[in-house]
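Observations on the model geometry
The residues making up each chain are set out below.
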Amino acid sequence: MTLTSRQLLESIVSRGHVERPLLAPLCSVIAGEMQGLEPQAFLDNVTKLSHLVRDLTRSLRTDVAVAEFGTLWDAEAMGVQLDWSNGYPPIPKGTIHSKTTPDLTNTGRGSVVLEAIRRLKLLFGEQVIISAGVTGPVRLSHLSGGSLSSNECARKVVLPAVKALSEAGAQLVWVVEDAIATDDVESLANAMTPVWKTIRFYSGIGILHLADAADSWLPFIEKGGVFLPCFDPDLSPSLQKHVNDTGTQYGLALRLEPLSEAASKAAHSKNCVLLTTHDELAGSVPVRDLQKRLTHFRNFTQ
């Protein structure tokens, strides 16, 4: 019997086993790009966002619909100004000034993100996994100019953000981080434990998404927890060695190009449960080539 995408997710959550990796390319803003829409206008329109993401997810036959990834919606709710003049990704201007927990559901684009998740959940039912992202605590700390520690960001911003996303219906939550980890690994691991457990409480999976050379995150990942590290094995060989040696489940965050030998081997591993891209695909992949460029990803999910 062929399992649905949601059933595959439930298999990972309940039994730590999956028959094949989930296919989850980061296709959200690119859905608007295909219709000639500017990123900022597209992301502000919940109807276009939800319907065009639905159409693209169906067209690509992926396991995951991406309501949001990497748009800094949570940092924006804390007062960071975003410059969209060059498209995706937005360029943050200034720093976070607020030290209080932001009103994520009513400030900035929070209401749009949450409503898009709800609508996608209704549109897809049980067939497709709905996902959305939050900015990681280390990156948020950098955006505050250091006025907020990564631990404070985890408690005051990341935890309420993932709770809001999970309550809306997201079952795969990306925590999008900088390549350089914090030095205070023990404290950050403790601060993030409630984040991962909250996502799991809603029968979801938290993904620590590390797109660039991210071996500095190894001490954090060695602490373990109910999350899935997601990285590029060519850029982070120490992370790949760790998951190989320990049998840890992981995801791969790859570029849409022919895979290296190391990446191909990592994708074939029984412990690889998710295949995604290094970033949102808007602006980086010609729209006309999207289906073709996903082919070598799909080969690992047959």
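Residues numbered from 1 in each chain as written. Predicted model: local features only at pLDDT ≥ 70, side-chain atom pairs only at ≥ 80, totals over all residues. Heavy atoms only, no water.

Here we look at the environment of Asn106
Rules: Only DSSP runs of H or I reaching four residues or more are called helices, and only runs of E reaching two or more are called strands; each is numbered from the N terminus. Whenever a nitrogen or oxygen atom comes within 3.5 Å of another N or O atom, the pair is scored as a polar contact, on the condition that within protein one atom can donate a hydrogen and the other can accept it, and that pairs from neighbouring residues in sequence are kept only if both atoms are in side chains.
Relative to the elements of secondary structure, Asn106 occurs in the loop between strand E4 (91-93) and helix H6 (110-124). It is 8.6 Å that separates the C-alpha atoms of Asn106 and Ala77, two residues lying 29 residues apart in sequence. In this structure the side chain of Asn106 is engaged in a polar contact, spanning 3.2 Å, whose partner is the side chain of Asp103. Within polar-contact distance, the side chain of Asn106 engages the side chain of Thr105 at 3.2 Å.

Quick notes on the packing of helix H4 (residues 46-60) against H6
Packed helix pairs are specified by the crossing angle of their axes together with the interaxial distance, meaning the distance between the axes. Applied cut-off: For every element, the axis is a line fit to its C-alpha atoms; helices are fit only across the contacting stretch, and the angle between N-to-C directions ranges from 0 to 180 degrees. Any angle that is under 35 degrees is reported as roughly parallel, and any over 145 degrees as roughly antiparallel; angles of 65 to 115 degrees are reported as roughly perpendicular and all others as oblique. Less than a right angle of anticlockwise turn of the near helix away from the far helix marks a crossing as left-handed, whereas a clockwise turn marks it as right-handed. Residue contacts are counted whenever heavy atoms from the two residues lie within 4.5 Å of one another.
The N-to-C vectors of H4 and H6 enclose an angle of 45°; their axes lie 9 Å apart at closest approach. Viewed along their axes, H4 and H6 adopt a mutual orientation that is oblique. You can see that H4 and H6 cross each other, and the crossing is right-handed. Contact residues: H4 offers Val46, Thr47, Leu49, Ser50, Val53, Arg54, Thr57 and Arg58, while H6 offers Val112, Glu115, Ala116, Arg119, Leu120, Leu123 and Phe124.

Concerning the sheet that holds strand E5 (residues 129-135)
Condition: A pair of strands is treated as paired once DSSP finds two or more bridges between them.
Pairing in this open sheet of eight strands is parallel, and the strands run E1-E10-E9-E8-E7-E6-E5-E2 from one edge to the other. Strands with a single pairing partner mark the edges of an open sheet, and in this sheet they are strand E1 (22-24) and strand E2 (64-66). Taking the axes of each pair of neighbouring strands and ignoring which way they run, one obtains an average angle of 25° across the sheet. Helix H8 (residues 150-168) contacts E5 and strand E6 (172-176) of the sheet and is inclined by roughly 165° relative to E5. Helix H11 (residues 237-246) contacts strand E8 (227-231) and strand E9 (250-254) of the sheet and is inclined by roughly 155° relative to E9.

Notes on the packing of aromatic side chains
Note on aromatic pairs: each is described by the distance of the centres and the angle between the planes. Rules: Here the aromatic set is Phe, Tyr and Trp, taking the six-membered ring for Trp, and pairing holds for ring centres within 6.5 Å; pairs whose planes are under 30 degrees apart are stacked, those over 60 apart are edge-to-face, and all others are tilted. Only protein chains enter the accessibility calculation, which uses a 1.4 Å probe. A residue is then buried if its area is under 20% of the maximum for its type, exposed if over 50%, and partly exposed in between.
Applying the stated criterion to the full structure yields six aromatic pairs. Between the aromatic rings of Trp196 and Phe227, the centroid separation amounts to 4.6 Å while the plane-to-plane angle is 25°, which identifies the pairing as stacked. Here Trp196, found in helix H9 (residues 185-201), pairs with Phe227, found in strand E8; they are 31 residues apart in sequence, far enough to count as distant. By relative accessible area, which is 3% here, Trp196 ends up buried. Exposure remark for Phe227: the relative accessible area of 9% places this residue in the buried category. Clustering of aromatic rings is evident, with ring pairs tying together Trp196, Trp217, Phe220 and Phe227.

Side note on the nonpolar core
Selection rule: Among the buried residues, those of types Ala, Val, Leu, Ile, Met, Phe, Trp, Tyr and Cys that are joined through side-chain atoms within 4.5 Å form a nonpolar core.
Among the nonpolar cores identified, the biggest contains 109 residues, and Ile117, Leu165, Trp174, Met192, Trp217, Phe220 and Leu274 are the most heavily contacted of them. Among residues more than four places away in sequence, those in contact with Met192 are Pro137, Ala154, Val158, Val175 and Phe220.

Points about the packing of H8 against H9
Note the following rule: Throughout, the ten residues Ala, Val, Leu, Ile, Met, Phe, Trp, Tyr, Cys and Pro are labelled nonpolar, Asp, Glu, Lys and Arg are labelled charged, and all others, Gly among them, are labelled polar.
At a closest axis distance of 9 Å, the pairing of H8 and H9 adopts a crossing angle of 5°. Considering the angle they form, H8 stands roughly parallel to H9. Across the interface between the two elements, Ser150, Asn151, Ala154, Val158, Leu159, Val162, Lys163 and Ser166 from H8 touch Ser187, Leu188, Ala191, Met192, Pro194, Val195, Thr198 and Ile199 from H9. For the contact of H8 with H9, the residue count by class is 10 nonpolar, five polar and one charged.

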